[in-house]
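These are the residues of each chain, in order.
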Amino acid sequence: MREVQITFDCADPAKLAAFWAEALGYEVQGPPAGFASWEQALDAFGVPEQERDSRSAIVAPSGPRVFFQRVPEGKQVKNRVHLDVRAAPGLQGQARMEALEAEATRLTALGATRLARHEPGPPLSAGHIVLADPEGNEFCLD
């Protein structure tokens, strides 16, 4: 088995890392062992000031590490790959959609944008809500 890391290209790694840490229940990754802060570590590594917000990561006890890297270009088109945030596992019908709406409200307060709501319907759709993170990356609450 191999480990998986999910990587986002973005304009503001720290801001996007903070959003996704809240969205997923992760934590922003702390500095390497032996350093009290990232600032101390970056000083020791000789990282120039202009590169200090070029990367960030979030971690959880289980689940993949999520890495954010600054790139010069902005988002151009719809994502071909996206995250599904399982906000209502095991719920069905109205209870499911209410749970998804509550999570959508929480995430929009953190900077997400609501894009669409898809109602439950036969034969396979349980319903979901499409959002975009603060930099426009689409994701689904399902």
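Cut-off values and rules
Residues numbered from 1 in each chain as written. Predicted model: local features only at pLDDT ≥ 70, side-chain atom pairs only at ≥ 80, totals over all residues. Heavy atoms only, no water. Salt bridge = Lys/Arg side-chain N within 4 Å of Asp/Glu carboxyl O. Buried < 20%, exposed > 50% of the residue type's maximum accessible area, 1.4 Å probe, protein only. Axes fitted to C-alpha atoms, helices over the stretch in contact; angles between N-to-C directions. Helix = DSSP H or I, 4+ residues; strand = E, 2+ residues; numbered from the N terminus. Parallel < 35°, antiparallel > 145°, perpendicular 65-115°, else oblique. Left-handed = near helix turned anticlockwise from the far one by under 90°. Contact = heavy atoms within 4.5 Å. Nonpolar A, V, L, I, M, F, W, Y, C, P; charged D, E, K, R; others polar. Pairing = 2+ DSSP bridges.

Using the criterion set out here, one finds 10 salt bridges in the structure. For Asp 43, the salt bridge is made with Arg 52, and the minimal N-O distance between the two is 2.8 Å. Judged by its relative accessible area of 47%, Asp 43 falls in the partly exposed class. Several salt bridges share partner residues, and in doing so they unite Glu 39, Asp 43, Glu 49 and Arg 52 into one network.

It is worth spelling out the packing of helix 1 (residues 13–24) against helix 3 (residues 93–109) at this point. At a minimum axis separation of 10 Å, helix 1 and helix 3 run at an interaxial angle of 160°. By the angle class used here, helix 1 and helix 3 are roughly antiparallel. Between helix 1 and helix 3 lies a crossing of right-handed hand. Where helix 1 abuts helix 3, its residues Phe 19, Glu 22 and Ala 23 lie against Glu 103, Arg 106 and Leu 107. When grouped by side-chain class, the residues that make up the contact of helix 1 with helix 3 number three nonpolar, no polar and three charged.

This paragraph deals with the pairing of strand 8 (residues 138–141). Of the two faces of strand 8, the one holding Glu 138 and Cys 140 and the one holding Phe 139 and Leu 141 are both buried throughout. Relative to strand 8, strand 5 (residues 83–85) runs parallel, the two sharing three bridges. For Asp 84, the partnering residue across the bridge sits in strand 8 and is Cys 140. Strand direction decides the pairing type here: strand 7 (residues 128–132) and strand 8, joined by four bridges, are antiparallel. From the neighbouring strand, Ile 129 faces strand 8, where its bridge partner is Leu 141. Here strand 7 folds back onto strand 8 in antiparallel fashion, the turn holding five residues, of which Gly 136 has a positive phi close to 90°.

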